[in-house]
Amino acid sequence: MASERLRIGIDLGGTKIAGIALDAEGATRAEVRVPTPRGDYAGTLDAIAGLVAALERQAGTREASVGVGMPGAVSRATGLIKNANSIWLNGRPFAEDLAARLGRPVRVENDANCLAVSEAVDGAGAGAAVVWAIILGTGVGSGIALRGQALTGLNAIAGEWGHNPLPSPRDDERPGPACYCGRHGCIETWLSGPGLAADFLRCTGQAASGEAIVALSRAGDAAATAAMARHRDRLGRGIAHVVNILDPDVIVLGGGLSRVEGLVAALPEAIAPHVFSDAFDTPVRASRHGDASGVRGAAWLWGTT
Ligand SMILES: [Zn+2]
């Protein structure tokens, strides 16, 4: 239909910028990706503007709504980007500059919040009122969607879970690894891919990547299997403490480590002992849209109706 307004979602990552145009039913009408101009703020704005134009050309539309997911957040205090590991964006009025460039309003959200929105709208948490989505990858973060909308929070840090300390640490987990944020024992330092690798190195003296440890474990290696068991137990503790506060309707796992065989199925057993409740019935599911959840959630920042 000519009057149909498409929603463009942009996932601004450290190495690539992905874009998608969705129709009202969530069907993909166009898809484009380009490398991220690393370290180049003006170039990043140019690349996104080019991506939006290409998506509109492909989809045969103009004036689509534009939502952007990115690591970090727009500071409520200043309107400037903060906490982005794509550091050339920090301190910049990115949302404002991009809106001026595109000649339309732009919504910008943290990428973990976009995962939560995507899965809440038509993914593993479809129809659930409160969806908590976790990204387990090179970094660890999470986002919350309330009735399909991102919970940003007063300080724009809602869901920032990766830099909480690992809960209920055992003696050999204290003070925990040093984190780039200046703290020790952050959840990210235990549960990210590099965190898993560091744990394996500490316990075995052997260097192996997170991916290699997963593969070794699948092949029956005892040390790797023990490392995966420690990882699962820590993840269970980390999740349980959030369940005690948020009590979400669905927990969704995304990111590379979420695809570890058997992890999602084994998690309820790892979470339950640490939850303050007679029963733990919360569904724990792998993300439905996988890597596409970033762009899809960004598109849905403009709502579903
Ligand atoms: Zn930290």
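Remember, predicted model here, so these are calculated numbers, not experimental data.

Conventions adopted
Residues numbered from 1 in each chain as written. Predicted model: local features only at pLDDT ≥ 70, side-chain atom pairs only at ≥ 80, totals over all residues. Heavy atoms only, no water. Salt bridge = Lys/Arg side-chain N within 4 Å of Asp/Glu carboxyl O. Helix = DSSP H or I, 4+ residues; strand = E, 2+ residues; numbered from the N terminus. Buried < 20%, exposed > 50% of the residue type's maximum accessible area, 1.4 Å probe, protein only. Polar contact = N/O pair within 3.5 Å; in protein donor to acceptor, adjacent residues only side chain to side chain. Contact = heavy atoms within 4.5 Å. Axes fitted to C-alpha atoms, helices over the stretch in contact; angles between N-to-C directions. Parallel < 35°, antiparallel > 145°, perpendicular 65-115°, else oblique. Nonpolar A, V, L, I, M, F, W, Y, C, P; charged D, E, K, R; others polar. Domains from an automatic or database assignment. Buried area = accessible area lost by both parts, 1.4 Å probe. Donors = N, O, S within 2.8 Å, 3.2 Å for Na, K, Ca; no water. Tetrahedral: all angles 85-135°; square planar, octahedral: opposite > 155°, others 65-115°. Expected span 1.5 Å × (residues − 1). Pairing = 2+ DSSP bridges.

Visitor: Please set out the pattern of salt bridges residue by residue, giving values where relevant.
Guide: Summed over the entire model, instances satisfying the criterion amount to 16 salt bridges. Its salt-bridge partner being Glu 173, residue Arg 237 comes within 2.7 Å of it at the nearest N-O pair. Linking Arg 237 in helix α7 (residues 222-246) with Glu 173 in the loop between β10 (149-150) and α4 (187-191), this pair joins segments that are 64 residues apart in sequence. Of the two residues, Arg 237 and Glu 173, both sit in the buried class. For Asp 291, the salt bridge is made with Arg 259, and the minimal N-O distance between the two is 3.9 Å. Here the residue Asp 291 occupies a position in the loop between β12 (284-286) and α9 (293-299), and Arg 259 occupies one in the loop between β11 (250-254) and α8 (263-271), the gap between them amounting to 32 residues. The structure contains a network of salt bridges with shared partners spanning Arg 170, Asp 172, Glu 173, Asp 199, Arg 202, Arg 230, Asp 233, Arg 234 and Arg 237.

Visitor: Give a detailed account of the side chain of Glu 56, specifying residues and quantitative values.
Guide: Take Glu 56: it is sitting in helix α1 (residues 41-59). Polar side-chain contacts of Glu 56 include one of 2.8 Å to the side chain of Arg 104. Contact partners of Glu 56, with chain neighbours within four places excluded, come to Ile 8, Thr 61, Arg 62, Glu 63, Ala 64 and Arg 104.

Visitor: Could you give an account of the packing of helix α5 (residues 193-204) against helix α6 (residues 210-218), naming the residues involved and the relevant values?
Guide: Interaxial distance between α5 and α6 falls to 8 Å at its minimum, and their mutual angle equals 65 degrees. Judged on the interaxial angle alone, α6 and α5 are roughly perpendicular. Taken together, the residues of α6 that come into contact with α5 (itself represented by Gly 193, Leu 196, Ala 197 and Phe 200) are Gly 210, Ile 213, Val 214 and Leu 216. Across the contact of α5 with α6, the residue classes break down as six nonpolar, two polar and no charged.

Visitor: Just give me the short version of the domain arrangement of the protein, but keep the residues and values in it.
Guide: Assigned domains of the protein: these are domain 1 (7-116 + 292-302) and domain 2 (125-287). A C-alpha centroid distance of 27 Å is found between domain 1 and domain 2. Residue-level contacts link twelve residues of domain 1 with 21 residues of domain 2. Interface area, domain 1 with domain 2, both sides summed: about 1,100 Å², of which 58% is carbon and sulfur. If you sort the residues of domain 1 by the area they bury against domain 2, Arg 76, Leu 115 and Ala 116 come out on top, with a joint share of 44%. Scanning the region where domain 1 abuts domain 2 turns up zero salt bridges. Looking at the side of domain 1 that touches domain 2, the elements with two or more residues in it are β5 (73-74), β7 (106-110) and α3 (111-122). Looking at the side of domain 1 that touches domain 2, the element that brings in the most residues is α3, giving five residues.

Visitor: Any details on the coordination of the zinc ion? Residues and values, ideally.
Guide: Taken together, the protein donors to the zinc ion comprise His 163 (ND1), Cys 179 (SG), Cys 181 (SG) and Cys 186 (SG), at separations of 2.1 to 2.3 Å. With four donor atoms in place around the zinc ion and angles of 104 to 118 degrees between them, the coordination shape is tetrahedral. Between the donor residues of the zinc ion, the gaps in sequence give the motif H-x15-C-x1-C-x4-C. For the pair shown, Cys 179 and Cys 186 are each scored as buried.

Visitor: Help me get a handle on α1, residues and values and all.
Guide: Along its 19 residues, α1 runs 27 Å from first to last C-alpha, staying within 8% of the 27 Å computed at 1.5 Å per residue. The N-capping residue of α1, defined by a side-chain oxygen 3.4 Å from the backbone nitrogen of Ala 42, is Asp 40. Downstream of α1 by a residue or two, Gly 60 has a phi angle that is positive, lying close to 70 degrees.

Visitor: Quick one: what's the story with the pairing of strand β4 (residues 65-70), residue by residue and with numbers?
Guide: For β4, a buried count of six out of six residues is recorded, marking the element as mostly surrounded by other parts of the structure. Burial along β4 is two-sided: the face carrying Ser 65, Gly 67 and Gly 69 and the face carrying Val 66, Val 68 and Met 70 are both buried. Sheet topology places strand β1 (residues 7-12) next to β4; five bridges connect them, and they run parallel. The partner of Asp 11 across the bridge, within β4, is Gly 69. Here β4 pairs with β7 via five bridges, running parallel. When the bridges of β7 are listed, Val 68 appears paired with Val 108.

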